[in-house]
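One-letter residues, chain by chain:
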Amino acid sequence: MTKLSSTPADAVLVAIDMSKHRQEVLIERPEGGRRRRMTVMATKTDYDRLASVLADIGRPIVVGFEATGNYHRTLAHRLLTAGFELRLISSVALARTREALHNGWDKNDSKDAQVILHMLRIGATQRYVDPLAAGINDLQEMSKTHEAISKAKTQTWHRILTHYLPLYFPEIERFAGNSRSDWFLALLERFPTPGSMTALGQEAFTREAWSLVGRKVSKARLINDIYETACASVALPVDEDSVAIAMFRMVIAQARSLIRQRDEIERAAHAMLSENRDYQLLRMIPGIGPINALTILAEAGDLRRFAHHRQFLKFCGLDLATCQSGTFRGRTKLSKYGNARLRRTFWMAAQVAARQRDNSFRDKLGRYMEGHANDPDRRRKAMTALTAKMARVAHAVIKTGTEYRPFLERADTRWKDPSLLCREGATATL
């Protein structure tokens, strides 16, 4: 991810080693001389003092720093609003350079500031994109909060399936469906044990469960099957008013609350981005839903800043890398040196697209797997290729402003986009 970026010859270089409570600052003038050291505490007064000191120099300022959690965000934004040029230093590149310069693995804040200054001097830096200045801060917060809530919901769901149900109602798991089935949790919250169902009788249970189950095609049959399952259950004979069942209901309530929060974020994200053209273009790609589109825009920002799709693939960590020395040549594989959330998003989108019909992703997977349907290693490589294709397509549709068109890459007429055939006056047979 690190590349050589030209640094103005007359610029004053400022290296900052970021931490939670204090920052070590090293300032070097282009004409040489003694470097100036400063220790800046994480306070508004010290941040304003640093900005004032740099502004008083009266020359172009280039500030370099290593991303440290989120602790660098406030100072970086303060310096950016003051009009200084910011450069980001890769953590991996910083560690390797420190080991090479000092012939050791030990580190401290002053040493890191010296290494950052060296990397600024040779131009081994990255462009820093401030989320607040780029207008994607809200999108990032929504995306990351959705991910955190989804993980918590998954953990709670698994806890219900692997701990509570095997003890208090093991047979009902076959009705669970997926983790978005809020009706199932609502039913469990009202009837956590088989005894709570059978104590009412079938007719009374059917009346109370009718509104909980929701809209089902065969609701009466489903409720009857659940009641018969409760009658033949081997669950522990625990009273419904016991502390154990109270804990069970507490976990169910937590799971339902997380589902509501997740759904609320999804609605808010769609409402915020529904008029966004980039969001609309991404949603047209098979496999990319509202949350995937939100994550792509939140993590990558404006995809037009990547002049070529290879730059975007490198940003995602989907570029290929090979270890080669002399006559030895290692296996070519993904570098994975980019944005992990983007890489995971495109992988998940490729999985969904491969299961849908009438799109170029499924067609490409079929061509890769032809004659090797039972080869898991080949399928993994094919899905990796589809993931990279998904990233290329996402970059292309946003950069060119054109909608996704399936099968455009195929040369034969049978696989051309039906809309293109209609424009040519041909008859499209679907």
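Cut-offs and rules
- Throughout this document, residue positions are counted from 1 along each chain, in the order its sequence is written.
- A pLDDT threshold of at least 70 governs which residues receive local features in this predicted model, and a stricter bar of 80 or more applies before side-chain atom pairs are shown or counted, although totals over entire chains, interfaces and linings include all residues.
- Side-chain numbers come from the whole structure's heavy atoms, not from hydrogens or water.
- Here a strand is any run of E in DSSP of at least two residues, a helix any run of H or I of at least four, and the numbering for each starts at the N terminus.
- Radius of gyration: C-alpha atoms only; globule rule: 2.2 Å multiplied by the number of residues to the exponent 0.38.
- We call a residue buried when its accessible area falls under 20% of the maximum for its residue type, exposed when it is over 50%, and partly exposed in between, using a 1.4 Å probe and counting protein chains only.
- Any two residues having at least one pair of non-hydrogen atoms within 4.5 Å are treated as being in contact.
- Here the open area of atoms and residues is found with the Shrake-Rupley method and a 1.4 Å probe, where only the protein chains shown may cover a residue.
- In this tally Asp and Glu are treated as negative and Lys and Arg as positive; neither His nor the chain ends contributes.
- Lys charges are placed at NZ, Arg charges at CZ, Asp charges at CG and Glu charges at CD.
- Domain segmentation is taken from an automatic or database assignment of domains.
- The rule is short: rings of Phe, Tyr and Trp, with Trp giving its six-membered ring, pair when the centres are within 6.5 Å, and they are stacked under 30 degrees, edge-to-face over 60, tilted in between.
- In the sections that follow, a salt bridge refers to a side-chain nitrogen of Lys or Arg positioned within 4 Å of a carboxyl oxygen of Asp or Glu.
- With a 1 Å grid spanning the protein atoms alone, the term cavity applies to any set of points in which a 1.4 Å probe fits but cannot get out, the term pocket to an open set with protein on both sides within 12 Å along at least five of seven lines, and the term lining residue to any residue with an atom within 4 Å of a point.
- Grid points are joined across faces, edges and corners, and a volume is the space filled by probe spheres set on the points.
- Lys, Arg, Asp and Glu make up the charged group, whereas Ala, Val, Leu, Ile, Met, Phe, Trp, Tyr, Cys and Pro make up the nonpolar group; the residues left over, Gly among them, are polar.
- UniProt positions are given in the numbering used here, feature names are shortened, and annotations may be inferred rather than shown by experiment.
- To obtain each axis, a line is fitted to C-alpha atoms, and for helices this fit is confined to the stretch in contact; angles are then taken between N-to-C directions over 0 to 180 degrees.
- Any angle that is under 35 degrees is reported as roughly parallel, and any over 145 degrees as roughly antiparallel; angles of 65 to 115 degrees are reported as roughly perpendicular and all others as oblique.
- Left-handed describes a crossing whose near helix is turned anticlockwise from the far helix through less than a right angle; right-handed describes the clockwise counterpart.
- The criterion for strand pairing is that DSSP finds at least two bridges linking the strands in question.

Colleague: Whenever I open this one, the overall build of the protein confuses me. Can you help?
Modeller: On a plain count of helices and strands, the protein comes out with 18 helices and 11 strands. Whereas a compact globule of 430 residues would reach a radius of gyration of roughly 22 Å, the protein reaches 28 Å, over 25% beyond that. Its C-alpha atoms give the protein principal-axis dimensions of roughly 90 × 65 × 50 Å. A burial count over the protein gives 44% of its 430 residues as buried. Put simply, 63% of the contacts in the protein that link residues at least 6 apart link residues at least 24 apart. About 23200 Å² of surface is accessible on the protein, with carbon and sulfur atoms providing 52% of the total. Side-chain charges in the protein split into 67 positive and 47 negative, and the spacing between the mean points of these groups amounts to 5 Å.

Colleague: How should I be thinking about the domain arrangement of the protein in this particular structure?
Modeller: Where interface size is given, it is often the accessible area lost as the parts come together that is meant. Partitioning the protein into structural domains gives domain 1 (12-130), domain 2 (140-269) and domain 3 (275-400). Of note, the centres of domain 1 and domain 2, computed from C-alpha atoms alone, are 52 Å apart.

Colleague: How should the packing of aromatic side chains be read in this particular structure?
Modeller: Two aromatic rings, taken as a pair, are described by how far apart their centres are and by the angle between their planes. One pass over the structure, following the stated rule, counts 11 aromatic pairs. For the pair F191 and F205, a centre-to-centre distance of 5.0 Å together with 70° between the ring planes defines the contact as edge-to-face. Residue F191 is located in the loop between α7 (182-190) and α8 (194-198), and its partner F205 is located in helix α9 (residues 202-213); the two are separated by 14 residues in the primary sequence. On the basis of relative accessible area, F191 is assigned to the buried category, the value being 0%. For F205, a relative accessible area of 0% gives the class buried.

Colleague: Quick question: what am I supposed to make of the environment of G201 here?
Modeller: Tracing the sequence through the fold places G201 in the loop between α8 and α9. Overall, the relative accessible area of 22% leaves G201 in the partly exposed class. Sequence spacing of G201 and Y227 is 26 residues, and the spatial spacing of their C-alpha atoms is 8.9 Å.

Colleague: I'm lost on the pattern of salt bridges in this one. Help?
Modeller: Side chains that differ in sign of charge can pair as their charged atoms come close. With the rule as written, the count across this model stands at 25 salt bridges. With a closest N to O distance of 2.7 Å, R304 and D278 form a salt bridge. On the criterion of sequence distance, the pair formed by R304 in the loop between α13 (290-300) and α14 (309-316) and D278 in helix α12 (residues 277-283) is long-range, its members being 26 residues apart. A relative accessible area of 40% places R304 in the partly exposed class. Given a relative accessible area of 13%, D278 falls into the buried group.

Colleague: Before we go on, may I ask you to explain the layout of surface pockets in this structure?
Modeller: The probe, sized like a water molecule, is rolled over the atoms to show the empty space still left. Its boundaries defined by the atoms lining it, the largest pocket holds a volume of some 1700 Å³. As for the largest pocket, its lining consists of 50 residues, of which L88, Q126, R127, R305 and F315 are closest to the centre. Residue classes in the lining of the largest pocket are distributed as 22 nonpolar, 15 polar and 13 charged. Each of domain 1 (12-130) and domain 3 (275-400) contributes no fewer than three residues to the lining of the largest pocket. For the second largest pocket, the lining is made up of 20 residues, of which L320, L334, K381, T384 and A385 are closest to its centre. Per-element accounting of the lining of the second largest pocket gives the leading share, 7 residues, to helix α17 (residues 376-400). Tallied by class, the residues present in the lining of the second largest pocket amount to 8 nonpolar, 3 polar and 9 charged.

Colleague: What's the story with the UniProt feature "domain: Transposase IS116/IS110/IS902 C-terminal" (unreviewed entry) in the protein in this structure? I'm lost.
Modeller: Within this numbering scheme, the UniProt entry marks residues 280-363 as carrying the feature "domain: Transposase IS116/IS110/IS902 C-terminal" (unreviewed entry). Summarising residues 280-363: 51% helix, 10% strand, and an end-to-end C-alpha distance of 24 Å.

Colleague: It is not clear to me how the UniProt feature "domain: Transposase IS110-like N-terminal" (unreviewed entry) in the protein should be interpreted in this structure. Could you clarify?
Modeller: According to UniProt, the feature "domain: Transposase IS110-like N-terminal" (unreviewed entry) maps to residues 14-170 in the numbering used here. Annotation note: span residues 14-170, helix share 55%, strand share 20%, distance between end C-alpha atoms 63 Å.

Colleague: I keep staring at the packing of α7 against helix α11 (residues 243-273) and nothing clicks. Help me out?
Modeller: Working note: a packed helix pair is described by the angle between its axes plus the distance between those axes. Following both chains from N to C, one finds α7 and α11 inclined at 155°, their axes separated by 9 Å at the closest point. As judged from the angle between their axes, α7 and α11 are roughly antiparallel. Here α7 and α11 pass one another in a crossing that is left-handed. Contacts from D182, L185, A186, L188, E189 and R190 in α7 reach F248, R249, I252, A253, A255, R256 and I259 in α11. Of the residues belonging to the contact of α7 with α11, the class tally is 8 nonpolar, no polar and 5 charged.

Colleague: Can you walk me through the pairing of strand β2 (residues 12-17) in this structure?
Modeller: For a regular strand, side chains alternate in direction, first toward one face of the sheet and then toward the other. When you tally the buried positions in β2, you get 6 out of 6 residues, the bulk of the element. Both faces of β2 are covered, namely the face carrying V12, V14 and I16 and the face carrying L13, A15 and D17. As judged from the 5 bridges shared by β2 and strand β5 (residues 61-66), these two strands associate in the parallel manner. Bridge pairing in β5 links I16 to F65. Taken together, the 5 bridges between β2 and strand β3 (residues 22-28) define a ladder with antiparallel strand orientation. Paired with D17 across the two strands is E24, which belongs to β3. Between β2 and β3, which pair antiparallel one after the other, the connecting turn spans 4 residues.

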